[in-house]
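Below, each chain spelled out in residue letters.
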Amino acid sequence: MSTQRRAIEAQDERTARQIVIGGRVQGVGFRPFVYRMAARYGLSGRVQNGPGQVVIHVEGDAQAITDFERALVNAAPPLAEPHLKSATATAVEDAHGFHIDASEEGAAADVHLPPDMFCCADCLAEMRDPAERRFGYAFTNCTQCGPRYTIIKALPYDRPKTSMAGFTLCPRCRREYDDPSDRRFHAQPLACPACGPTLTFQRGDAEPIVGEGALAATLAALRDGGIVAVKGVGGYHLMCDASNDAAIANLRARKHRPHKPLAVMFPQRGADGLEVVREHVALDDAEARAVADPARPIVLACRRDESPLSHALAPGLNELGVFLPYSPLHHLLLGEFGAPLVATSGNISGEPVITDNSEAASRLGSVADAFLHHDRPIVRPADDSVTRIIAGRPRPIRIGRGRAPLELTLPHALAEPILAVGGHMKGAIALGWDQRIVVSPHISELDSPRSLQVLKQVIADLQALYRVEARRVVCDAHPGYASTRWAGEQDLPVTKVQHHVAHASALAAEHPHIERWLVFAWDGIGLGEADELWGGEAFAGAPGAWRRIGSMRRFSVTGGDRVGREPWRSAAGLMWEAGRQWSPARDEDGLTAQAWRKDIGTTRTSSVGRLFDAAASLVLGVDVASFEGQGPMFLESAATQWAEPITLPLRRDEDGVWRSDWEPLLSVLTDQDRTVAERAGIFHASIAQALVDQAHALVETEKPQAIGLTGGVFQNRLLSERVIALLNENGFEARLPEIVPANDGGLAFGQVIEVLAADNTAPQAVEAGNTS
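No experiment lies behind these values; they were computed from the predicted model shown. (Residues numbered from 1 in each chain as written. Predicted model: local features only at pLDDT ≥ 70, side-chain atom pairs only at ≥ 80, totals over all residues. Heavy atoms only, no water.)

Participant: Help me understand the overall build of the protein chain, please; the structure alone is not making it clear to me.
Facilitator: When you go through the protein chain residue by residue, the secondary structure sums to 23 helices and 33 strands. Computed over C-alpha atoms, the radius of gyration of the protein chain comes to 28 Å, within 12% of the 28 Å expected from 2.2 N^0.38 for 772 residues, which places it in the range of a compact globule. If one aligns the C-alpha atoms of the protein chain with their principal axes, the spans along those axes are about 105 × 65 × 50 Å. Among the 772 residues that make up the protein chain, the fraction classed as buried is 60%. Contacts in the protein chain between residues at least 24 apart in sequence constitute 71% of all its contacts with a sequence separation of at least 6. With the model as given, the accessible surface of the protein chain reaches about 29,400 Å², and the carbon-plus-sulfur share is 49%. For the protein chain, the distance from the average site of its 78 positive side-chain charges to the average site of its 96 negative ones is 2 Å. (Helix = DSSP H or I, 4+ residues; strand = E, 2+ residues; numbered from the N terminus. Rg over C-alpha atoms; globule rule 2.2 N^0.38 Å. Buried < 20%, exposed > 50% of the residue type's maximum accessible area, 1.4 Å probe, protein only. Contact = heavy atoms within 4.5 Å. Areas by Shrake-Rupley, 256 points an atom, 1.4 Å probe, with all protein chains shown as cover. Lys, Arg positive; Asp, Glu negative; His and termini not counted. Charge placed at Lys NZ, Arg CZ, Asp CG, Glu CD.)

Structure, rendered in structure tokens:
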């Protein structure tokens, strides 16, 4: 057969297909990957970024195209999460070669926004090689690592739409960017010392040190016991030597943060990178995996007694928040410093992390001795994620850099786009549309003007990036929350969802196959019925149809918003409710006692979080907390692990709600003949047993498929693991959140789930969970 005839027959056998891939396929090196796969299978055509998807026109042998199509999903880059949307036959265009087209503009269809990525092994090796041109360069990245969420201004994800737009690629970087065989092929944050961002060290009024000398000056300041505000990926860290008591004392005094734990970043060393971490904390397998996770979260782990790190890092606690370097700059700092560094959020306590150079200089100037700035703009803040291992599995405490925006699939399509604004503490929002929901990174407590400013920015950014305009706002039922007030100021319909119902719905959404639940939602406070503050509630049912059937004995507290930060008020409320004589040292003039007796400014509560506050005050003397949850955290740390519980009476009230009575605990909590560890341990054991006793009483009539544990109280590992063990011993299956936080950081997600479910149920079920 002639060569000409074979060519004609091959042309006749040539087919073409248009393949559309959705999911997380932008910002993760997916188009270069498509290019390489096309070359591997001998195919021609083109690939193009569309709105939230990748569109491929491919030509060649039919079997090769089928294999190529399969590889697009099965062999995708590690950071990609692709799914095949469509594959249809199309006309052969006799394409020559394979190329990447400019991104297509248009309305959003399926936009996916990638989180910021940790520095990959290839880039790390390159930074450490003196022969490489990026040796020691603090902004090294490729298609598989580097910033994403914090630099993207608009989608599709292309360099002109990022904060890297102002850095023109040098000829050598341009060649890498254009070379399909290079791992930096179309890497949008691509940079090198010749054309990329630059470090600047600034100390007081001294002449700034720009470029190579900035890192050395920073290291010198840290070794000298100084505090340096270091600009990273999603904002500034305040950094100092984690072994230097004086430096940490200065940091705490200047930041007005006397007790709250400080996170510690460790050099990455050893086969798994955890050699130095293990010198200071005891990691089990689950904790080790969590520390090494690509999100590089802060992980809570038990401190070793022999660790030389300062005890001022986490006073009153036996755990440290540990994490690995995740940006090239962090690797350079930790590698050269050679020892752990405090790396706490660069903010005014309770506010979002600061991102702007000039704002950092003005607002952190009284805290930091020096600054390590850089000139790559941070478009929006992203604080570090926090994880705790409970019952052998990672539980998110805070969703942030590396995990957020958290993109999830809803069980059903929403009737209209919804914006949920969460609660007041641990602010986070959620945007839902069609069958998708996106949960924002942690914002902050919504107490300050800057917190509200960032809240509004994130609300605007998510809608703009995903090209979705909310038609309804969902918020908490508490009228005093800043998020609720903001919702009421919008020219949109507002739906209010009860706080603990949102907690329950968030957990249920993680397990959509479970149709009948018994959920215990325990936390500090949430507005319930008749202006009571709930926080120890049990619900039966499912999203859209919850019924409150269990709780704790109520008691009165005085002080309004101060109750959460003054545990002595909860202790006094319990003692007085039980008819005991009690004169708190903080109530020297007796005015609080008088107000309580006359029911002036008091609130009724069933909160388990407040019970923990009261126990911390009575057992440990933690009468005033300098940060949220201080008393309960200290109480957990002090407790013996497996104390024997005392029985808390359980009875039904006039409304048919089963209530556990905390009063027998008071004798134990005030018994000075018992050790602190024993009293704290008995409290944990008794509260855990009370939950199991409620479960026994409620399961008989409700017949749930699973028991859920959610709310901030279940961030307590000792309590949660005791409850799970007891439930398992009694044949019950227990579930805790694993995707969104059990605390108020998961409220916005739960609010959307509750509205979605309520809109698909009968009107009477809607009234059980939310009001419009």
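Moving on, there is more to tell.
Participant: It is not clear to me how the pairing of strand S12 (residues 298–303) should be interpreted in this structure. Could you clarify?
Facilitator: On a regular strand, one side chain projects to one face of the sheet and the next to the other, so that they alternate. Across two bridges, strand S11 (residues 281–282) lies against S12 in antiparallel orientation. Across the sheet, residue Val 281 finds its bridge partner in S12, namely Arg 303. By the bridge criterion, three bridges tie S12 to strand S16 (residues 386–390) in an arrangement that is parallel. Opposite Ile 298, over in S16, you have Val 386 as the bridge partner. Summarising the sheet, S12 and strand S13 (residues 319–323) pair through four bridges and their orientation is antiparallel. Residue Cys 302 lies in a different strand from S13, and its bridge partner there is Glu 319. (Pairing = 2+ DSSP bridges.)

Participant: In this structure, what is going on with the pattern of salt bridges? I would like to understand it.
Facilitator: Opposite charge on two side chains allows them to pair when their charged atoms are near. This structure, assessed with the given rule, holds 48 salt bridges. Across the pair Glu 176 and Arg 133 runs a salt bridge, and its minimum N-O distance is 3.1 Å. Of this pair, Glu 176 sits in helix H5 (residues 171–178) while Arg 133 sits in the loop between helix H4 (121–127) and H5, placing them 43 residues apart in sequence. A relative accessible area of 23% means that Arg 133 is categorised as partly exposed. Residue Arg 174 is joined to Asp 178 by a salt bridge in which the shortest nitrogen-to-oxygen separation is 3.6 Å. One end of the pair, Arg 174, and the other, Asp 178, are both in helix H5, four residues apart, so they sit about a helical turn from each other. Residue class for Arg 174 comes out partly exposed when judged on its relative accessible area of 38%. In this structure Asp 178 comes out as partly exposed when scored by relative accessible area, which is 41%. Among the charged side chains, a salt-bridge network with shared partners connects Glu 126, Arg 133, Arg 134, Glu 176, Arg 183 and Arg 184. (Salt bridge = Lys/Arg side-chain N within 4 Å of Asp/Glu carboxyl O.)

Participant: Sorry if this is basic, but what is going on with the environment of Ala 80 here?
Facilitator: You can see Ala 80 is positioned in the loop between helix H3 (62–74) and strand S4 (81–89). Sequence separation between Ala 80 and Gly 22 is 58 residues, and the spatial gap between their C-alpha atoms is 10 Å. Not counting the four nearest positions on each side in its chain, Ala 80 is found in contact with Arg 24, Val 28 and Phe 30.

Participant: Sorry, what's going on with the side chain of Glu 319 here?
Facilitator: Counting through the fold element by element, Glu 319 comes out in strand S13. The class for Glu 319 is buried, based on a relative accessible area of 12%. At 3.0 Å, the side chain of Glu 319 forms a polar contact with the side chain of Arg 388. (Polar contact = N/O pair within 3.5 Å; in protein donor to acceptor, adjacent residues only side chain to side chain.)

Participant: Honestly, the confidence of the model for the protein chain in this entry has me stumped. Any pointers?
Facilitator: In regions of low pLDDT, the predicted coordinates are not meant to be interpreted in detail. Here the protein chain averages 93 in pLDDT, and 96% of its residues register 70 or above. Contacts for the low-pLDDT stretch residues 1–11, under 50 throughout, to residues beyond four places or in other chains number three contacts. (pLDDT = per-residue confidence, 0-100.)

Participant: Help me out: how do you make sense of the packing of helix H17 (residues 608–620) against helix H20 (residues 676–702) in this one?
Facilitator: If you want to describe how two helices pack, look at the angle between their axes and the distance between the axes. Taken N-terminus to C-terminus, the directions of H17 and H20 make an angle of 165°; their axes are 10 Å apart at the nearest point. On the basis of the axis angle, H17 is roughly antiparallel to H20. Between H17 and H20 lies a crossing whose hand is right-handed. Along the contact surface, H17 presents Val 608, Leu 611, Phe 612, Ala 615, Leu 618, Val 619 and Leu 620, while H20 presents Val 676, Arg 679, Ala 680, Phe 683, His 684 and Ile 687. For the contact of H17 with H20, a count of residues per class yields 11 nonpolar, one polar and one charged. (Axes fitted to C-alpha atoms, helices over the stretch in contact; angles between N-to-C directions. Parallel < 35°, antiparallel > 145°, perpendicular 65-115°, else oblique. Left-handed = near helix turned anticlockwise from the far one by under 90°. Nonpolar A, V, L, I, M, F, W, Y, C, P; charged D, E, K, R; others polar.)

Participant: Looking at this structure, I do not really get the sheet that holds S4. What am I missing?
Facilitator: Working definition: the strands of a sheet are paired by backbone hydrogen bonds and lie parallel or antiparallel to each other. Here five strands make up an open sheet; going across it, the order is S4-S1-S3-S2-S5 and the pairing mixed. Every other strand in the sheet has two partners, leaving S4 and strand S5 (98–100) as the edge strands with one partner each. Strand-to-strand twist in this sheet, taken as the mean axis angle between neighbours without regard to direction, amounts to 20°. Bridge count for strand S1 (residues 15–24) against S4 is eight bridges, and the pairing is antiparallel. By the bridge assignment for S4, Gly 23 is matched with Pro 82. Against the sheet, helix H2 (residues 30–40) engages S1, strand S2 (44–50), strand S3 (53–60), S4 and S5, with an angle of about 175° to S5. Sitting on the sheet, H3 touches S1, S3 and S4, and the angle it makes with S1 is about 5°.

Participant: Help me understand the packing of aromatic side chains in this model?
Facilitator: Each pair of aromatic rings is reported with the distance of its centres and the angle of its planes. Under the definition given, this model contains 11 aromatic pairs. Seen from their ring centres, Trp 433 and Tyr 466 are 5.4 Å apart, and the 50° between their planes marks the pair as tilted. Linking Trp 433 in strand S20 (residues 430–433) with Tyr 466 in helix H12 (residues 449–466), this pair joins segments that are 33 residues apart in sequence. Geometrically, the ring pair formed by Phe 520 and Trp 522 is edge-to-face, given 6.2 Å between the ring centres and 85° between the ring planes. Accessibility assignment for this pair places Phe 520 and Trp 522 in one class, buried. Ring pairing ties together the aromatic residues Tyr 35, Phe 98 and Phe 185, which thus form one cluster. Taking NZ or CZ as reference, Arg 401 lies 3.4 Å from the ring centre of Tyr 326, over its face. Directly above the ring of Trp 662 sits Arg 553, whose terminal nitrogen or CZ lies 4.4 Å from the centroid. (Phe/Tyr/Trp six-rings, centres within 6.5 Å; stacked < 30°, edge-to-face > 60°. Lys NZ or Arg CZ within 6 Å of the ring centre and 35° of its normal.)

Participant: Looking at this structure, how should I read the packing of helix H6 (residues 212–223) against helix H10 (residues 328–337)?
Facilitator: H10 packs onto H6 with a crossing angle of 50° between their chain directions and a minimal axis gap of 10 Å. With respect to their mutual orientation, H6 and H10 come out oblique. Considering the relative orientation of H6 and H10, their crossing is right-handed. Here Leu 215, Thr 218, Leu 219, Leu 222 and Arg 223 of H6 lie close against H10, whose contacting residues are Leu 329, Leu 332, Leu 333, Glu 336 and Phe 337. In terms of residue class, the contact of H6 with H10 is made up of seven nonpolar, one polar and two charged.

Participant: So what exactly am I meant to see when it comes to the nonpolar core here?
Facilitator: Buried together is how nonpolar side chains tend to be arranged in soluble globular proteins. Grouped together as the largest cluster of nonpolar side chains are 97 residues, with contacts concentrated most on Phe 30, Val 34, Ile 56, Phe 68, Leu 333 and Tyr 466. In terms of residues, this core owes the most to one element, H12, which gives seven residues. The residues contacting Leu 333, other than those within four sequence positions of it, are Leu 215, Thr 218, Leu 219, Leu 222, Val 230 and Met 239. The next biggest cluster of nonpolar side chains, apart from the first, holds 52 residues, and it includes Met 552, Ala 688, Leu 718 and Ile 724. (Core = buried A, V, L, I, M, F, W, Y, C linked by side-chain atoms within 4.5 Å.)

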